[in-house]
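Below are the chains, spelled out letter by letter.
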Amino acid sequence: MTKEEFAKKLRERLDLLEEKEIDDIIEEYLGYIEEKIGNGATEEEAIKDFGDIDELARELLKAYKINVKHQPKEKNILSTIADTFILWMDRFVKVFSNKSSSEVLKLIIEMGIILLIISLCKIPFYILEEIGYDMFNIFQSQFARGLFKIWKFLLELIYLVSAVVLFAKIFEKRYLNHEVEKTLPLPKKRKETIEKETKIEKVITEKTPKNGLIDLLSSLCIWFIKFIAFWILFGIGCYILGLAICVGICVYFLIRGVVFYGIYLAIFMLLVLGILAFIVLFNFIANKKNNLNFLLIAFLSSFIILGISFSAASLEITEFEWINETPDSYQKETITELIPMKDDYYIDHFVNFVVDESLEKEIKFEYIYFPEHYKIKPNIKISNNSIYVNYSFMNHSWNVRILEDIIDNLKNHKLYNYDLSPRITVYTSSANIERLKENRRLSYDQKKYQNNRYRFCQEIIYEEEKDSELYHYCHKFLELPEEALEDLD
């Protein structure tokens, strides 16, 4: 469509206005078109930005307080419905694009509340349906059943059409009209009049508190969601801090000559995605608008690069050789402790057993540690036949050699287990090992049995409201050995 054709069609649709006002409007819109052409747009693109010409004419006439209900004669009903739907969807998208993430969420919650209210409006239709069922059920015939189905179909159709129209009207009145008025170019004189009216309405609106049910419910939902979002934002902040430290370590390794580009790039892109998520959540909590185009491009490109980096990182990881022991160059020292074996001894925690048949009456505890990094002192305690094996550090210092060794091994694609904690091994005969394990199992069963008896007594005392005599007998009951309970009922 050329600008001459646009001016002609717009003039035809504004025939209810005075000729001078129509000339002013046409002149201003032609000026808008020339301005857009000067900015690099084509004539068709400049005219297309105004949207449907019939909707434009209706909005202009509405600005002059003229409501036009007739449709142009040259359009059929199908094309009019299609154009109206496309225009309505375009305005719908503009509403979302001009709002912050918090406002968009509030809008979605409000629409959900509106839909809930509209669904409640179906209750009268259910009542009418039941009334119709009772009326037609009087006549027990196929014809009456057919009439009831028609009655039910009509009610459903009326409700569906009414619900759609009601939702569209509420949404248009609540969200679309003022957005169109803000973006629609109006004649200067009429625009000045509208601005004055808007200021008056704004003053009245500010003095009138908004306490509608929809506004109240949506505000409560928004504040609750923001409360959750705040703690998610805190977690993302900690995630960013941790990845920032990892990126710093990667930079240090890269400077030292440890080259794994795929792994480094994957860690960096994970940091970028965390920062983008932080920006989105922060803008939502602070009621700031997000740059949707920038965020969409940033997220898509980050995910693409992350996928490429993960592929490269997986290839780099397959080149590693994992060695589950400390390097042989690390000096080790051994300390041993001997204690006599007794039939009722058991070790209260997990240890590594090694069979030594020469130790039939003794238990040997072997401590292996790394003297370049720390010194230890064995600490073996025996209490109620329970052996507790531990140690205490005499001195402990960080050795830079570990970092240097890690860097050198990474350059050679080797990864050792640098766990330098002391290793404790228990040596004794196979019979003693079986006895220690069996005693440990019996001890655990006894503790479990005592705990069950204690819980049983606690329940009795609670149910009897802490009867002093019953409390006394329960404690006596706890002190009985397991064998003595076999004769009790």
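Preceding block: the structure.
Rules used throughout
- Residues numbered from 1 in each chain as written.
- Predicted model: local features only at pLDDT ≥ 70, side-chain atom pairs only at ≥ 80, totals over all residues.
- Heavy atoms only, no water.
- Helix = DSSP H or I, 4+ residues; strand = E, 2+ residues; numbered from the N terminus.
- Buried < 20%, exposed > 50% of the residue type's maximum accessible area, 1.4 Å probe, protein only.
- Phe/Tyr/Trp six-rings, centres within 6.5 Å; stacked < 30°, edge-to-face > 60°.
- Pairing = 2+ DSSP bridges.
- Polar contact = N/O pair within 3.5 Å; in protein donor to acceptor, adjacent residues only side chain to side chain.
- Axes fitted to C-alpha atoms, helices over the stretch in contact; angles between N-to-C directions.
- Parallel < 35°, antiparallel > 145°, perpendicular 65-115°, else oblique.
- Left-handed = near helix turned anticlockwise from the far one by under 90°.
- 1 Å grid on protein atoms, 1.4 Å probe; cavity = no way out; pocket = protein on both sides within 12 Å on 5 of 7 lines; lining within 4 Å.
- Points joined across faces, edges and corners; volume = space filled by probe spheres on them.
- Nonpolar A, V, L, I, M, F, W, Y, C, P; charged D, E, K, R; others polar.

### Comments concerning the overall build of the chain
So, step 1. Secondary structure assignment for the chain yields 15 helices and 9 strands.
So, step 2. Expressed as a percentage of the 489 residues in the chain, the buried residues total 30%.

### Quick notes on the packing of aromatic side chains
So, step 1. A full pass over the atoms with the stated rule returns 14 aromatic pairs.
So, step 2. Taking 6.4 Å as the distance between ring centres and 5 degrees as the angle between the ring planes, the aromatic pair formed by F278 and F282 counts as stacked. Of this pair, F278 and F282 both sit in helix α11 (residues 261–285), separated by 4 residues, roughly a single helical turn.
So, step 3. A relative accessible area of 29% means that F278 is categorised as partly exposed.
So, step 4. By relative accessible area, F282 is classed as partly exposed at 38%.
So, step 5. What links up through ring pairs into an aromatic cluster is the set F227, F230, W231 and F234.

### Looking at the pairing of strand β7 (residues 386–396)
So, step 1. With 2 bridges connecting them, strand β3 (residues 346–347) and β7 associate as parallel partners. Considered in β7, the bridge of I347 is made with I387.
So, step 2. With 10 bridges joining them, strand β6 (residues 374–383) and β7 adopt antiparallel strand pairing. If you follow K381 over to β7, its bridge partner there is Y388.
So, step 3. Following β6, the chain reverses through 2 residues before pairing antiparallel with β7; N384 in that reversal takes a positive phi of roughly 55 degrees.

### Observations concerning the side chain of R13
So, step 1. Considering the arrangement of structural elements, one finds R13 in helix α1 (residues 3–13).
So, step 2. Using a relative accessible area of 14% as the deciding quantity, one classes R13 as buried.
So, step 3. A polar contact of 2.3 Å, which involves the side chain of R13, links it to the side chain of D54.

### Observations concerning the packing of α11 against helix α12 (residues 292–318)
So, step 1. Running from N to C, α11 and α12 point in directions that differ by 155 degrees, and their axes come no closer than 7 Å. Considering their axes alone, α11 and α12 lie roughly antiparallel with respect to each other. Crossing handedness for the pair α11 and α12: left-handed.

### Description of empty space enclosed by the protein
So, step 1. For the structure on display, the rule yields 2 cavities of 30 Å³ or more.
So, step 2. As for the second largest cavity, its lining consists of K122, F125, Y126, E129, L155 and E156.
So, step 3. Elements with a minimum of two residues in the lining of the second largest cavity: α7 (123–136) and α8 (142–183).
So, step 4. Among the elements that take part in the lining of the second largest cavity, α7 stands out by supplying 3 residues, more than any other.
So, step 5. Classifying every residue of the lining of the second largest cavity gives 3 nonpolar, no polar and 3 charged.

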